[in-house]
Amino acid sequence: MSSSFPHVQPPRRVLMGPGPSDVAPQVLAALAAPTVGHLDPYFLNLMDEVQQMLRTAFQTKNKLTLAVSGTGSAGMEACVVNLVEPGDKVLVCVNGVFGGRMADVAARYGADVKTIERPFGEVFSTEEIQKAVEEFQPKVVGIVHAETSTGALQPIPEISKVVHDAGALLLMDCVTSLGGLPVEIDKWNVDAAYSGTQKCLSCPPGLAPVTFSDRAVAAMEARSTKVASWYLDMTMVRNYWSDQSRAYHHTAPINMNYGLHQALRDLLEEGLENRFARHQRNHQALRSGLEAMGLKYTVAEEYRLPMLNAVTIPDGVDDKAVRGQLLNDFGIEIGRGLGPMAGKTWRIGLMGEACTQRNVLLFLAALESCLQ
Ligand code: PLP
């Protein structure tokens, strides 16, 4: 018998959208290495190394730092469900799609959710968060560091101070920032943070790095109810990721962890500072080219993400036709606008492996030809 289905032969793309980003050949090779058992000594050692490298990426000494099996949204759910019990007050700052998702997740797990909102593309001031935490007295405050849906960068350190002064825990989404911008968990005093592998870490989607402070772990240990998700219950998952117990919880996605291990090695070998500088440099080059073509950024200069460039689609230009032409004629993927920005903006990613001078030049030339 032979299958009538074709072999997997995906087209070659240049991934310059909101993620996934391009994956380096050495990461793809690591994914294809022989699978071992999830309790094999080789894999247990690799898990330790993944944890150590994640601590460096997150700039933390947090013991409870690991890769959740699942995409960034699983990381989001893992953070929320472990910190929140039914009826707990959670304040979520919503200035884009992913803040909205965090509020939805918290409400589904029975939290008493209050949101504060800013229009898409704007960021929160410390004062407005201070006012909201003083009035609402939440247990947890959730905020997105790098809003992929808008291209806005939310400053965190001062907000962290007002959140802690009010006795709350700070939960931060750094799905798009980790590996592309400084994410300083300990210095900023962040209690729980989650990311994804497919943005600036340049591994395929499939794992969600998370980290929890001692204060967050104490909150988990003081719970009076079981964590509402069996799969994401860190009080159990952490035993599998701990060097002593190694109690089976679920079968880790072995090869995804190989890929993440290689992607983290690449990050550390380049060096965090060099990696951040590369993202800034290519962002500035892209920006010069886009502005020379008359395109305008949607986010104020001081809050722009280097890895996600949101620009207004010029009047009279067909959004879908241009994105289609970029993909079909040049193999370049960029992102469309989300929510209120649908049809109005393009989101041009410069994430991890895709953040190169070559891609900037290729993209600018391709876009110019599409706009003629
Ligand atoms: N948070 C942010 C800021 C994101 O950009 C994304 C994905 O784009 C997510 C959360 C959700 O991650 P995933 O799509 O990997 O589940």
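Residues numbered from 1 in each chain as written. Predicted model: local features only at pLDDT ≥ 70, side-chain atom pairs only at ≥ 80, totals over all residues.

An unreviewed UniProt entry annotates the protein as Purine catabolism protein PucG of Thalassoglobus polymorphus. Among the UniProt annotations of the protein, the heading Cofactor (unreviewed entry) holds the following wording: "pyridoxal 5'-phosphate". The record in UniProt for the protein states the following under Sequence similarities (unreviewed entry): "Belongs to the class-V pyridoxal-phosphate-dependent aminotransferase family." (UniProt positions renumbered as here; feature names shortened; annotations may be inferred.)

Participant: Tell me about the site of the ligand, residues and numbers included.
Facilitator: Around the ligand sit 14 residues, and of these T71, G72, S73, T148 and V175 come closest. Of the residues forming the shell around the ligand, the biggest block, three residues, is contributed by helix α3 (residues 72-83). Looking at side-chain class alone, the shell around the ligand contains six nonpolar, seven polar and one charged residues. (Near = placed C-beta within 6 Å. Helix = DSSP H or I, 4+ residues; strand = E, 2+ residues; numbered from the N terminus. Nonpolar A, V, L, I, M, F, W, Y, C, P; charged D, E, K, R; others polar.)

Participant: Can you break down the environment of I159 residue by residue, with the values?
Facilitator: Structurally, I159 is set in helix α6 (residues 157-165). For the pair formed by I159 and Y240, sequence separation is 81 residues and the distance between their alpha carbons is 34 Å. Aside from chain neighbours lying at most four places away, what touches I159 is T126, I129 and I143. (Contact = placed C-beta atoms within 7 Å.)

Participant: Break down the pairing of strand β10 (residues 207-212) for me, with residues and values.
Facilitator: The buried fraction of β10 amounts to six of the six residues, a majority that puts the element mostly inside the structure. One ladder, built from six bridges, connects strand β2 (residues 64-69) with β10; its direction is antiparallel. By the bridge assignment for β10, T65 is matched with T211. The pairing of strand β9 (residues 192-194) with β10 spans three bridges and is antiparallel. Residue pairing across strands places A192 opposite F212, the latter belonging to β10. (Buried ≥ 20, exposed ≤ 12 C-beta atoms within 10 Å, placed from the backbone. Pairing = 2+ DSSP bridges.)

Participant: Before we move on, can you summarise the sheet that holds strand β5 (residues 140-144) with the specific residues and values?
Facilitator: With respect to topology, seven strands assemble into an open sheet ordered β2-β10-β9-β8-β5-β3-β4, the strand pairing being mixed. For this open sheet the edge positions go to β2 and β4 (112-117), each flanked by a neighbour on one side alone. On average, adjacent strands in this sheet sit at an angle of 20° to one another, irrespective of strand direction. When strand β3 (residues 89-94) meets β5, the two strands line up parallel, connected through three bridges. By the bridge assignment, V90 is partnered in β5 with V140. Contacts from helix α2 (residues 41-58) reach β2, β9 and β10 within the one sheet, and its direction differs from that of β2 by about 110°. Set on the sheet, helix α4 (residues 97-108) makes contact with β3, β4, β5 and β8 (169-173); between it and β3 the angle comes to about 160°. (Axes fitted to C-alpha atoms, helices over the stretch in contact; angles between N-to-C directions.)

Participant: So what's going on with the UniProt feature "binding site: substrate" (unreviewed entry) in the protein? Residues and values would help.
Facilitator: Here, the residues flagged by UniProt with the feature "binding site: substrate" (unreviewed entry) are R347. Relative to the assigned elements, R347 resides in strand β14 (residues 345-349). Those residues within four positions of R347 in sequence are excluded, and the remaining contacts are G17, P18, G151, L308, A310, I334, G335 and G337.

Participant: An account of the UniProt feature "modified residue: N6-(pyridoxal phosphate)lysine" (unreviewed entry) in the protein is needed here, citing residue identities and associated values.
Facilitator: Look at the UniProt record and you will see "modified residue: N6-(pyridoxal phosphate)lysine" (unreviewed entry) annotated at K199. Among the structural elements, K199 can be located in the loop between β9 and β10. The buried category is assigned to K199, around which 29 C-beta atoms lie within 10 Å. Excluding its chain neighbours within four sequence positions, the residues that come into contact with K199 are G19, S21, V175, T176, M351 and G352.

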